[in-house]
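Geometric and topological summary
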Amino acid sequence: GESVGLHLPTLSVQEGDNSIINCAYSNSASDYFIWYKQESGKGPQFIIDIRSNMDKRQGQRVTVLLNKTVKHLSLQIAATQPGDSAVYFCATGNSGAGSYQLTFGKGTKLSVIP
Amino acid sequence: EPEVTQTPSHQVTQMGQEVILRCVPISNHLYFYWYRQILGQKVEFLVSFYNNEISEKSEIFDDQFSVERPDGSNFTLKIRSTKLEDSAMYFCASSSLAGGPTDTQYFGPGTRLTVL
């Protein structure tokens, strides 16, 4: 069945280093991909998204890479800061089917070491 | 900055009781959602709602669940007869219509439901 998975449940990085969080998805019909950040006690917060017609998109200190061939996406955070400590979820959508439903991965906990 | 709000933040109920979880979506948004997250598991889609009717629902969203937009601002999720396995964090989300299915869904802080 459709699933979205994460390669690593936890990631620890030194402050100032770059972070890379990976995500694999299984539904080849997925055409919309989103990264959310969830801090303790809060709901998922949108970070960045990418459509299937792109393979890279950059935001402020974040970059999302999409490899449709192997059904993999990653979130790169440059110069990681203590405020980046959170759980990061990837999610996928199938807009081509007219669906608004998002399928989430389990989450990767990012810990930033000062 | 506009945000989705949810009440209560924590709801404790006895098995078999009815609960209503409340959400106030972002004011100019037209699409509304409920998701849930059982402790330690993935966020799961429950239902989407547009133009006063359900547009999509998952297998989780059975006859025990219902949604309503009782007025111009609130969006509610009702569980008629709660079960132990309904214990989870319930997130409300909303999106505008402009971007269609790829319009960003903004999430509320969640309601933690504990069924005893």
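Before any of the text, the structure's been laid out above.
Residues numbered from 1 in each chain as written. Chains lettered and ligands numbered in written order. Predicted model: local features only at pLDDT ≥ 70, side-chain atom pairs only at ≥ 80, totals over all residues. Heavy atoms only, no water.

1. Here's the deal with the environment of Tyr33 of chain B
Convention followed: Numbering of helices and strands runs from the N terminus, with a helix taken as a DSSP run of H or I at least four residues long and a strand as a DSSP run of E at least two residues long. Type-normalised accessible area, obtained with a 1.4 Å probe on protein chains alone, sets the label of each residue: buried when under 20%, exposed when over 50%, and partly exposed for intermediate values. Residues count as neighbours in contact if any of their non-hydrogen atoms are within 4.5 Å of one another. As used in this structure description, the phrase polar contact means that two N or O atoms lie within 3.5 Å; if the pair is within protein, one of them must be able to donate a hydrogen and the other to accept it, and residues adjacent in sequence are counted only when both atoms belong to side chains.
Here Tyr33 of chain B is to be found in strand S4 (residues 31-37). Here Tyr33 of chain B falls in the buried class, since its relative accessible area comes to 0%. In this view, Tyr33 of chain B contacts Tyr100 of chain A together with Phe45, Val47, Ser48, Phe75, Phe91, Cys92, Ala93, Ser94, Ser95 and Gln105 of chain B; residues no more than four positions away in its chain are not counted. Among the polar contacts listed, one links the side chain of Tyr33 of chain B to the side chain of Ser95 of chain B, at a separation of 2.8 Å.

2. Considerations on the state of the cysteines
The cut-off we apply is this: Disulfides are defined as cysteine sulfur pairs within 2.5 Å.
Enumeration over the complete set of coordinates arrives at two disulfides over all chains. Two residues, Cys23 of chain A and Cys90 of chain A, share a disulfide whose sulfurs are 1.8 Å apart. Around the S-S axis, the bridge from Cys23 of chain A to Cys90 of chain A shows a dihedral of about 50 degrees and counts as right-handed. Taken together, the positions of Cys23 of chain A in strand S3 (residues 19-25) and Cys90 of chain A in strand S9 (residues 86-93) put the pair 67 residues apart, joining distant regions of the chain. In this structure, Cys23 of chain A and Cys90 of chain A share a single accessibility class: buried. Paired by a disulfide, Cys23 of chain B and Cys92 of chain B hold their sulfur atoms 1.9 Å apart. Negative torsions about the S-S bond denote left-handed disulfides, and the value of about -65 degrees found for Cys23 of chain B with Cys92 of chain B makes this one left-handed. On the criterion of sequence distance, the pair formed by Cys23 of chain B in strand S3 (residues 19-24) and Cys92 of chain B in strand S9 (residues 88-95) is long-range, its members being 69 residues apart.

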